[in-house]
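Per-entry structural report
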Amino acid sequence: QVQLVESGGGLVQAGGSLRLSCAASGRTFSSYAMGWFRQAPGKEREFVAAITGWSGGTTYYVDSVKGRFTISRDNAKNTVYLQMNSLKPEDTAVYYCAADTNTFLVRTTPGYWGQGAQVTVSS
């Protein structure tokens, strides 16, 4: 069982930066692949980024955030981060942290979700 709590959302102007954090419970955090999804008003939830378990040697991104967002993890702190730079108004959404033991599933249908954090980018 994994519990996920996001933090770090807020309001930022276009071109600015934010860093989301996701704190996970449990002693086996390092074995979980971690991901971020987002859901904008009136749209379906979409995959944003993921990182493999253990050392996190492989990362995945949706094309729209490549070069702007960076996912990373700190296993000692049971935390995964999403550094978001060069933010655009279209990045406005509720961002959800996700976890799964399977790297494919964490990008599609993760078994665990956080409660979400609002990110609003003003133009």
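As a starting point, this report considers the structure included with it. Since the structure is predicted, the reported quantities are computational estimates derived from the model, not experimental observations. Numbering of residues starts from 1 in every chain and runs along the sequence as written. Local features in a predicted model are, by the rule used here, given only for residues with pLDDT of at least 70; side-chain atom pairs are given and counted only at 80 or more, and totals for whole chains, interfaces and linings are based on all residues. With hydrogens and water stripped out, all remaining heavy atoms of the structure feed into the side-chain values.

It is worth spelling out the state of the cysteines at this point. Working definition: a disulfide is two cysteine sulfur atoms within 2.5 Å of each other. Summed over the entire model, instances satisfying the criterion amount to one disulfide. A sulfur-sulfur distance of 2.1 Å marks the disulfide that ties C22 to C97. Looking down the S-S bond of the C22 and C97 bridge, the torsion is -85 degrees, so its handedness is left-handed. Highlighted residues: C22 in strand 3 (residues 18–24) and C97 in strand 9 (residues 93–100), separated in sequence by 75 residues. Counting from the N terminus, the helices are DSSP H or I runs at least four residues long and the strands are E runs at least two residues long.

Now for the sheet that holds strand 7 (residues 69–74). On the basis of which strands lie adjacent, the open sheet formed by four strands has the order 1-3-8-7 and antiparallel pairing. The sheet is open, and its two borders are formed by strand 1 (4–7) and strand 7, each paired with just one other strand. Recorded for the sheet is a direction-independent mean angle of 15 degrees between the axes of neighbouring strands. Both strand 7 and strand 8 (residues 79–84) contribute to a ladder of six bridges, which runs antiparallel. Whether two strands pair comes down to DSSP finding at least two bridges between them. A fitted line through C-alpha atoms represents every axis, and for helices the fit uses only the stretch in contact; the resulting angles, taken between N-to-C directions, go from 0 to 180 degrees.

What follows deals with the nonpolar core. For soluble globular proteins, the rule of thumb is that nonpolar side chains tend to be buried together. Only buried Ala, Val, Leu, Ile, Met, Phe, Trp, Tyr and Cys residues count toward a nonpolar core, and they belong to the same one when joined by side-chain atoms within 4.5 Å. Accessibility here uses a 1.4 Å probe with only protein chains present; expressed as a share of the type maximum, an area under 20% marks a residue as buried, one over 50% as exposed, and anything in between as partly exposed. In terms of nonpolar packing, the biggest core is built from 28 residues, with M34, W36, L82, M84 and Y95 touching the most fellow members. Counting residues in each nonpolar core, the second largest holds six residues, with A33, F37, A50 and A98 among its members.

On to the packing of aromatic side chains, then. Centre distance within 6.5 Å is the pairing criterion for rings of Phe, Tyr and Trp, where only the six-membered ring of Trp is used; planes under 30 degrees apart are then read as stacked, over 60 as edge-to-face, and the remainder as tilted. Evaluated as defined, the whole model comprises four aromatic pairs. Between Y96 and W113 the ring centres are 6.3 Å apart and the planes differ by 90 degrees, which places this aromatic pair in the edge-to-face class. Of this pair, Y96 sits in strand 9 while W113 is found in strand 10 (residues 112–113), placing the two residues 17 residues apart along the sequence. Each member of the aromatic cluster is reached from another via a ring pair, and the members are F37, F47, Y96 and W113. Distance and angle both matter: a charge sits over a ring if NZ of Lys or CZ of Arg is within 6 Å of the ring centre and within 35 degrees of the ring normal. The ring of F29 carries R73 above its face, with NZ or CZ at 4.6 Å from the centroid. Lying across the ring of Y60, R107 places its NZ or CZ 3.9 Å from the centre.

For the rest of this paragraph, the subject is the pairing of strand 3. Most of strand 3 sits inside the fold, with five of its seven residues counted as buried. Where strand 1 and strand 3 come together, four bridges link them in antiparallel fashion. In the sheet register, L4 faces strand 3, and the bridge partner there is A24. Examined bridge by bridge, strand 3 and strand 8 share six bridges and lie antiparallel to one another. Paired with R19 across the bridge in strand 8 is Q83.

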